[in-house]
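A structural walkthrough
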Amino acid sequence: MGRFRVFYLFKLHLLLPAVFYFVVPGKFCRRRLKLFQTMQATANLPTIWNLSLRGSSSKVHIVNPRHRKSHALHCLSSEGHEEFDNSQKSLGQSSITKEAKHKDIWNLFREAQKNIMILNKQRLAAVDELEQLKKDKEELLERINQLEAESQIVIKKDKSSLFWELLLRIDSMVINGLVNIEEASSMRKLVKEHEANISVFPLDVLQQGDAEILAELRRFTNKGKRNGLHVIHICTEMAPLVSVGPLASYITGLSCALQEEGYMVEVILPKYSTLDLDEIEGLREIEADAYSYFDGQLHANRIWNGVVSGIGVTLIQPVYYSSMFGRDKVYGYQDDFDRFAYFSRASLDYIAKSGKQPDVLHIHNWQTAIVGPLFWDVFVNQGLEGTRILLTCQDFDKGLVPPEKLELCGLDPAELHRLDRLQDNTNPHFVNILKGGVVYSNKVVIMSSSHSSIPGLEPTLAIHKDKLFFAPFGMDNSMEKDLCCDLHVSAYTSIKNL
């Protein structure tokens, strides 16, 4: 057994260089191996082994002169293992350090990434804010341009528009009680006489209240005069506000032509729900109640003023009977007489209350022909003694209704249901509203391309032949327009001379 141990120790002695070479890595192994080989070469003596058993276990002791060398190898081997352990510890610490650094780097990366995301959000927010500022700037520039355009429109307003804005504001002053009828009449006359210089009136005052305009009107200087009559159309159509037949273009065309001749022309219309209000310049409601009589009671109306094509326009809107003109169509309802009788009476009530004193009330077709009897039976003595009535017939519908319907607008059926007044020539149990217009008008213009009379009214027209004027139907060209205008000027002049 001891010999085997000596043999294995001897083999171990031979194998140590290989063990050091393969087990211990790096320069450390090669350095120790070289030292070991040097020590082997230094000793030339053969190795002598002393095999003995000591104690309870067998041990091998080197007793030859190489004992020192073997001991050195043993120490060297121990030192190598110790240094190897230290190297491993150093490697472990280095690995821990690298891991810590790696972790720190990742933390820094995450923090940087988070900061980048925050900065990106801030950048996006800044971009959105910049876009909003650009948008606000564009809107502001657009608004500035719009205001400049509007100011140019105000500056470039034609004289007739300014003229009518002033006149309609005078109406508002009367209804609100700022001025009495006599002073309003004087101011209207003043404005009419100064139309040639109306552009010198301060435009900014028109944007203020009635009191400021009144003060400015009282300071208005006398620099020019206007010739021509004051004409008010009471009608049911006007282009481009509401157009059903030829009446609409006729009203607008004639009014513009007469104003060019020095006439003062305005229009009163129902405020239909279908009106194109965008066509009205300076539309405003008069802040006052305007009452009119109908069916035994006084009813409130809302009054609106504006300018269309340089023509003053007044709109009447019933409050209680709001459904009368809140329909899809202008005509064609069973209660058409009630609707237009209400409007005709409300128009006259408004004219009387506002202190207007027109030279001519121009009425049209059967729808407003009832104005004739109303004017002479009810309103002529309400400051309208100098006013006269002109009827134009384009539509030959007669407007036949039972006599008792006349009571709705304050007329007496017993007085009017007579053959020489409103009684229909062929249906004696009805009253003929268009016939009443012919009888109670001072002049009548018949517009027809094929008729020189009104069917069914021949006996009446024969009696009132001195009233009649005949005009071409329509105003489609300049020749017809001039002819129509000249004819109406003749009719108006003859009325004024009555």
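Residues numbered from 1 in each chain as written. Predicted model: local features only at pLDDT ≥ 70, side-chain atom pairs only at ≥ 80, totals over all residues. Heavy atoms only, no water.

What follows covers the packing of aromatic side chains. Using the criterion set out here, one finds eleven aromatic pairs in the structure. Relative to Tyr321, the ring of Tyr320 has its centre 4.9 Å away and its plane inclined at 90°; by these criteria the two rings are edge-to-face. Relative accessible area serves as the criterion here: at 61%, Tyr320 is assigned to the exposed category. On the accessibility criterion, Tyr321 (19% relative accessible area) is buried. Consider the rings of Phe340 and Trp366, whose centres lie 6.4 Å apart with planes at 90°: the pair is edge-to-face. Here the residue Phe340 occupies a position in helix 8 (residues 336–354), and Trp366 occupies one in helix 9 (residues 365–369), the gap between them amounting to 26 residues. Given a relative accessible area of 11%, Trp366 falls into the buried group. Through pairs of rings, three or more aromatic residues link up here, namely Tyr272, Phe325, Tyr331, Phe340 and Trp366. Positioned above the aromatic ring of Tyr333, the side-chain terminus of Arg327 is 4.8 Å from the ring centre. (Phe/Tyr/Trp six-rings, centres within 6.5 Å; stacked < 30°, edge-to-face > 60°. Buried < 20%, exposed > 50% of the residue type's maximum accessible area, 1.4 Å probe, protein only. Helix = DSSP H or I, 4+ residues; strand = E, 2+ residues; numbered from the N terminus. Lys NZ or Arg CZ within 6 Å of the ring centre and 35° of its normal.)

By the definition in use, this model includes ten salt bridges. Between Asp171 and Lys356 there is a salt bridge, and its shortest N-O distance comes to 2.3 Å. Taken together, the residues span a long stretch of sequence, with Asp171 in helix 4 (residues 159–175) and Lys356 in the loop between helix 8 and strand 9 (360–364) at a distance of 185 residues. For the pair formed by Asp171 and Lys356, the shared burial category is buried. The closest approach of N and O atoms between Glu285 and Arg302, which form a salt bridge, is 2.8 Å. Separated by 17 residues along the polypeptide, Glu285 in strand 5 (residues 281–285) and Arg302 in strand 7 (residues 297–308) bring together distant segments of the chain. Overlapping salt bridges bring together Asp171, Arg188, Glu266 and Lys356 as one network. (Salt bridge = Lys/Arg side-chain N within 4 Å of Asp/Glu carboxyl O.)

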